[in-house]
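The residues making up each chain are set out below.
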Amino acid sequence: MKTKKTKVKATRSLYDLKSAITELKQKFDAESKTDIENLQNRYLGKKGLINDLMKGLKDVPKEMRPVAGQLLNELKANLEHQLTLLGNGATEETADKIDLTIPGLKPKVGHMHPISQAMEEITHIFEKIGFTRVRYPEVDWDYYVFESLNMPPNHPARDEWETFFVDVPKHKQMGKMVLTTHTTNGQVREMERLKSKPPIRMINIGRCYRRQQDVTHTQMFHQFDGLVIDRGIHIQHLKGTLDYFAEQFYGPGTKSRIRPFHFKFTEPSFEVDFSCHICHGTGKKGRGKCKFCKSGWHEVGGAGMVHPNVLKAGGIDPDEYTGFAFGWGVERTYTLKEGLNIDDIRLIYSGDLKFLEQF
Ligand code: PHE
């Protein structure tokens, strides 16, 4: 006759936990203490043995839990202490004999993510010449992301932006809701914020999303968009601003170059290159080619003179005012600066400390 298997809920008694602690201590004592980092990860890491025991706490009867928790905390503190000593070249026996001449242990301190550092630096550079840093929604209406930027519904130019759509009902005037594909969604919003009254000098930095993911693309990335609108603004103002940024961000002597291109929201439009600061724009290194740029220049992003239809969408008279705009990716701008040839750009967002601690 078949008997039905019944599940037995694992209830740990305090006694069980104590023996698990003793076992873990014995295991630790028996370890060879050469690779401290490895021990740190295996015992104290997120998925480490101590955390495994911690997870078992919920199975300990409620009234015993405070005692059990205390025992586990003591165990954790004890192992942390031992590992710090070992990391310092000491052993449990020599630890008591304090040598006051040894330099102190440097506590581990975190730092800002490299991309956040880059955004701060970019903000600072533009603030110095009178731009205001703004932020606009990352989840926005089609109207701000496309339509007000001279891209009517069903315009083929929209295909270039690999858009994620949000599954909510369409807004009557604003259309569908999307994850912003570029920070250019801030341009008409900024004109509206300032009640269509130039001068406008905005730097909008934020997250963008596109349906592409490979070694050179992440689905989430950052862009910054600059927008200047006033009377008598012309291409030389744009070029001067790009040269200024190039020198400030990449170092003295870095130049910018603009090449004809096409965007619906600017006319004329350009692609922007910066001279390579490793070979100083020559494309040569010794007798060979510069391995970093190959041609002396790096393409970074787009720019142009604001299209009259975009000014109109923001309530600004294009016969009275003109403007320039530019926009490009923070990740690319940053990796170029550091001379980094990162094989897989996704590493930046992997949360891997071995990678991040280098910056
Ligand atoms: N939004 C464009 C892009 O994502 C860049 C751009 C911004 C071009 C502003 C011109 C003016 O590629």
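Look a little higher up for the structure.
To keep things clear, this report deals only with the structure shown in the data block. (Residues numbered from 1 in each chain as written. Predicted model: local features only at pLDDT ≥ 70, side-chain atom pairs only at ≥ 80, totals over all residues. Heavy atoms only, no water.)

### What about the overall build of the chain?
Put simply, the rule reads: Helix numbers and strand numbers start at the N terminus; a helix is a DSSP run of H or I with at least 4 residues, a strand a run of E with at least 2. Atoms considered for the radius of gyration are the C-alpha atoms alone. The globule rule reads 2.2 Å times the number of residues to the power 0.38. The criterion used for residue contact is that any of the two residues' heavy atoms lie within 4.5 Å. Computed by Shrake-Rupley with a 1.4 Å probe, the accessible areas treat only the displayed protein chains as cover when residues are assessed. Under the counting rule used here, the positive set is Lys and Arg, the negative set is Asp and Glu, and His together with the chain ends is not counted. To locate a charge, take atom NZ for lysine, CZ for arginine, CG for aspartate or CD for glutamate.
Looking only at helices and strands, the chain has 11 helices and 12 strands in total. Taken against the 2.2 N^0.38 rule, which gives 21 Å for 359 residues, the C-alpha radius of gyration of the chain at 29 Å runs more than 25% over that of a compact globule. A principal-axis box enclosing the C-alpha atoms of the chain has dimensions of 85 × 65 × 40 Å. Taking the intrachain contacts of the chain between residues at least 6 apart in sequence as the baseline, contacts between residues at least 24 apart amount to 66%. Surface accessibility of the chain: about 21300 Å² in total, with carbon and sulfur atoms responsible for 53%. Positive and negative charge centroids in the chain, built from 53 and 46 side chains respectively, lie 4 Å apart.

### A short note on the sheet that holds strand 2 (residues 139-141)
Short version of the rule: Two strands pair under a simple rule: DSSP has to find at least two bridges between them. Fitting a line to C-alpha atoms yields each axis, with helices limited to the stretch in contact; the angle taken between N-to-C directions then spans 0 to 180 degrees.
With antiparallel pairing, 3 strands are arranged side by side in an open sheet as 2-4-3. If you trace the sheet from one side to the other, it starts and ends with strand 2 and strand 3 (165-171), each paired once. Taking the axes of each pair of neighbouring strands and ignoring which way they run, one obtains an average angle of 25 degrees across the sheet. As paired strands, strand 3 and strand 4 (residues 175-179) are joined by 3 bridges and run antiparallel to one another. Among the inter-strand pairings, H171 is bridged to a residue of strand 4, identified as G175.

### Notes on the site of the ligand
Here is the rule we go by: For this purpose, a residue is taken to be near a molecule or strand whenever a single non-hydrogen atom of the residue falls within 4 Å of it. Here a polar contact means two N or O atoms within 3.5 Å. Within protein one must be a hydrogen donor candidate and the other an acceptor candidate, and residues neighboring in sequence count only if both atoms are side-chain atoms.
Near the ligand, the surroundings consist of 14 residues, among which H182, T184, R210, Q223 and G327 are the closest. Within the side chain of H182, one N or O atom sits 2.9 Å away from a nitrogen atom of the ligand. At a separation of 2.8 Å, a nitrogen atom of the ligand approaches a polar side-chain atom of T184. Considering the ligand on its own, with 330 Å² of exposed area, one finds that the protein chains cover 92% of that surface.

### Points about the pairing of strand 11 (residues 297-306)
Test applied: Each residue gets one of three labels from its accessible area relative to the maximum for its type: buried under 20%, exposed over 50%, partly exposed in between, using a 1.4 Å probe on protein chains only.
The element strand 11 is extensively covered by neighbouring structure, given that 8 of its 10 residues are classed as buried. Examined bridge by bridge, strand 8 (residues 266-275) and strand 11 share 8 bridges and lie antiparallel to one another. In the strand pairing of strand 11, S275 is matched with W297. Note that strand 11 and strand 12 (residues 322-329) share 5 bridges and pair antiparallel. Within the sheet, the bridge partner assigned to M305 lies in strand 12 and is F324.

### A closer look at helix 2 (residues 36-44)
For clarity, the threshold we go by: Our arc is simply the arc of the directions from the helix axis toward the C-beta atoms.
Taken residue by residue, helix 2 has I36, L39, Y43 and L44 as its buried positions. All buried residues of helix 2 project into a common sector of 85 degrees when viewed along the axis, lining one side.

### Here we look at the packing of helix 5 (residues 114-127) against helix 10 (residues 330-337)
Short version of the rule: Orientation categories follow fixed angle ranges, with anything under 35 degrees roughly parallel, anything over 145 roughly antiparallel, 65 to 115 roughly perpendicular, and all other angles oblique.
Packing of helix 5 against helix 10 brings their axes to within 10 Å, and their N-to-C directions diverge by 95 degrees. As summarised for this structure, helix 5 and helix 10 are arranged roughly perpendicular, according to the angle between their axes. Note on element contacts: helix 10 touches helix 5 through V330, E331, Y334 and K337, opposite P114, I115, A118, M119, E121 and I122.

### Regarding the sheet that holds strand 1 (residues 132-134)
Two strands in a sheet stick together by hydrogen bonds in their backbones, pointing the same way (parallel) or opposite ways (antiparallel). Across the sheet, which stays open at both edges, the 7 strands sit in the order 1-5-6-12-11-8-7 with mixed pairing between neighbours. At either margin of the open sheet sits one strand with a lone partner, and together these are strand 1 and strand 7 (256-263). The average angle at which neighbouring strand axes cross in this sheet is 25 degrees, direction not considered. Contacting strand 1, strand 5 (200-209), strand 6 (220-230) and strand 12, helix 7 (residues 186-193) crosses the sheet at an angle of about 140 degrees to strand 5. Its contacts with the sheet put helix 8 (residues 235-250) on strand 6, strand 7, strand 8, strand 11 and strand 12, and the angle it makes with strand 12 is roughly 30 degrees.

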